[in-house]
Amino acid sequence: MTASVTSETSRSVRLKTATRDSHGALDKRIMAGDIFANRSNFARFLRVQYRFHRSIDALYANPALDALLPDLHERRRLQQVRRDLQDLEQTLPGADIAALGDDLALPAALGWLYVAEGSNLGGTVLYKMAAALGLDRDFGARHLAAHPDGAARHWREFTAALDAVVLTADQEQQVIDAADTAFRSVHGHVEREFC
Ligand code: HEM
């Protein structure tokens, strides 16, 4: 039987389906940058991650989100990305990064956080590949290291909370639109850093 997306499908699964194209295009674009060829190429990827995590950083201090999502504060990864960049003796990307405000509407914030948290799953694949460059959780690839409880479990705890938030149909669409915007925004960071 073919799986179909119905209103009974969980929000996180609907998000995955709705952003398949923007995620796929991003993966492809990043891998086309040959980020595991050498540390200098990998640093470009780190700069993209820095831009992304810098742009969403205010969300981790949002009390309304904190009340809904487990361990929100601990999920923040900007500092790990910063240390990864410093390990590779990179200057930090500039002050031109457009950051989201802490007043972003809740549905949009959920969409952005879905993308940030989900990227940890793909991150586990990238973490293994980074070993070939001598990078790991202590040097250069800290932000890609799986949570001690396991990346899959940590993700399920997040999606369970995300799926439980009660939203109107309009807000539901806002979550999806924001997740798509988040993927496209990361794509923009890639275009900037991989030119
Ligand atoms: C070359 C780079 C990337 C590769 C190879 C990749 C690969 C993957 C893979 C294999 C998964 C599925 C993991 C699983 O289900 O166990 C995944 C999930 C995900 N990735 Fe990526 N990814 C990359 C970059 C990114 C980036 C930069 C972002 C966002 C900033 C991102 C966001 C996501 C999200 C949101 C999910 C969760 C999808 C879901 O299950 O709902 N990925 N990625």
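Source: prediction; values computed, not measured.

With that out of the way, let us pick up the overall build of the protein. Each helix and strand counted, the protein has eight helices and zero strands in total. Helices (α) and strands (β) of the protein occur, in sequence order from the N terminus, as α-α-α-α-α-α-α-α. Whereas a compact globule of 195 residues would reach a radius of gyration of roughly 16 Å, the protein reaches 16 Å, a difference of no more than 12%. With the C-alpha coordinates aligned to their principal axes, the bounding extent of the protein is approximately 45 × 40 × 35 Å.

Next up on the list: the coordination of the iron atom of the ligand. A four-donor tetrahedral metal ideally has 109.5 degree angles, and a six-donor octahedral metal ideally has angles of 90 or 180 degrees. Among all protein atoms, only His23 (NE2) binds the iron atom of the ligand, sitting 2.3 Å from it. By secondary structure assignment, the location of His23 is in helix H2 (residues 20-32).

For the rest of this paragraph, the subject is the site of the ligand. Around the ligand there are 17 residues in total, and His23, Asp27, Met31, Tyr114 and Gly118 lie nearest to it. Tyr114 is positioned such that a nitrogen or oxygen atom in its side chain is 2.6 Å from an oxygen atom of the ligand. Here the element with the most residues in the shell around the ligand is helix H6 (residues 106-130); it accounts for seven residues. Its residues assigned to classes, the shell around the ligand comprises eleven nonpolar, four polar and two charged.

Our next topic: the packing of H2 against helix H8 (residues 169-193). Describing two packed helices takes the angle between their axes plus the distance from one axis to the other. At their nearest, the axes of H2 and H8 sit 9 Å apart, and the two run at 15 degrees to each other. Taken as axis vectors, H2 and H8 run roughly parallel relative to one another. Handedness of the crossing formed by H2 with H8: left-handed. Only Asp180, Phe183, Arg184, Val186, His187, Val190 and Glu191 of H8 make contact with H2, whose side of the interface consists of Ser22, His23, Ala25, Leu26, Arg29 and Ile30.

Turning to the packing of aromatic side chains, a few remarks are in order. Taken as a whole and assessed by the stated rule, the structure comprises five aromatic pairs. Relative to Phe45, the ring of Phe42 lies with its centre 5.8 Å away and its plane at 50 degrees, an arrangement referred to as tilted. One end of the pair, Phe42, and the other, Phe45, are both in helix H3 (residues 39-56), three residues apart, so they sit about a helical turn from each other. Each member of the pair Phe42 and Phe45 is classed as buried. An angle of 25 degrees between the planes, with centres 6.5 Å apart, marks the rings of Phe52 and Trp112 as stacked. Here Phe52 is found in helix H3, whereas its partner Trp112 is found in helix H6, with 60 residues between them in sequence. On the basis of relative accessibility, which here comes to 9%, the residue Trp112 falls in the buried class. The rings of Phe36, Phe42 and Phe45 are connected pair by pair, giving a single aromatic cluster.

End to end, helix H7 (residues 151-164) covers 20 Å across 14 residues, agreeing with the expected 20 Å (1.5 Å per residue, within 8%). Of all the residues in H7, the buried ones are Ala151, His154, Trp155, Phe158, Thr159, Ala161 and Leu162. The arc enclosing the buried residues of H7, seen along the axis, measures out at 160 degrees, which places them on a common side. Set apart from the buried face of H7 by more than 90 degrees, the exposed residues are Arg156 and Ala164. For H7, the secondary structure elements touched by its buried residues are helix H1 (11-18), helix H4 (63-68) and H6.

Across all of its chains, the model carries 13 salt bridges by this definition. Two residues, Asp84 and Arg142, come together in a salt bridge whose shortest N-O distance is 3.8 Å. Of the two residues, Asp84 is situated in helix H5 (residues 78-87) and Arg142 in the loop between H6 and H7; the sequence distance between them amounts to 58 residues. In this structure Asp84 comes out as buried when scored by relative accessible area, which is 0%. On the basis of relative accessibility, which here comes to 15%, the residue Arg142 falls in the buried class. Arg153 serves as the salt-bridge partner of Glu157, at 3.4 Å between the closest nitrogen and oxygen. Linking Glu157 with Arg153, this pair stays in helix H7, spanning four residues, or about one helical turn. Judged by its relative accessible area of 44%, Arg153 falls in the partly exposed class. Within this structure, Arg47, Arg51, Asp96, Arg192 and Glu193 form a network of salt bridges that share partners.

Conventions adopted
Residues numbered from 1 in each chain as written. Predicted model: local features only at pLDDT ≥ 70, side-chain atom pairs only at ≥ 80, totals over all residues. Heavy atoms only, no water. Helix = DSSP H or I, 4+ residues; strand = E, 2+ residues; numbered from the N terminus. Rg over C-alpha atoms; globule rule 2.2 N^0.38 Å. Donors = N, O, S within 2.8 Å, 3.2 Å for Na, K, Ca; no water. Near = heavy atom within 4 Å. Polar contact = N/O pair within 3.5 Å; in protein donor to acceptor, adjacent residues only side chain to side chain. Nonpolar A, V, L, I, M, F, W, Y, C, P; charged D, E, K, R; others polar. Axes fitted to C-alpha atoms, helices over the stretch in contact; angles between N-to-C directions. Parallel < 35°, antiparallel > 145°, perpendicular 65-115°, else oblique. Left-handed = near helix turned anticlockwise from the far one by under 90°. Contact = heavy atoms within 4.5 Å. Phe/Tyr/Trp six-rings, centres within 6.5 Å; stacked < 30°, edge-to-face > 60°. Buried < 20%, exposed > 50% of the residue type's maximum accessible area, 1.4 Å probe, protein only. Expected span 1.5 Å × (residues − 1). Arc of directions from axis to C-beta. Salt bridge = Lys/Arg side-chain N within 4 Å of Asp/Glu carboxyl O.

No statement about biological role is implied by the geometric values presented.
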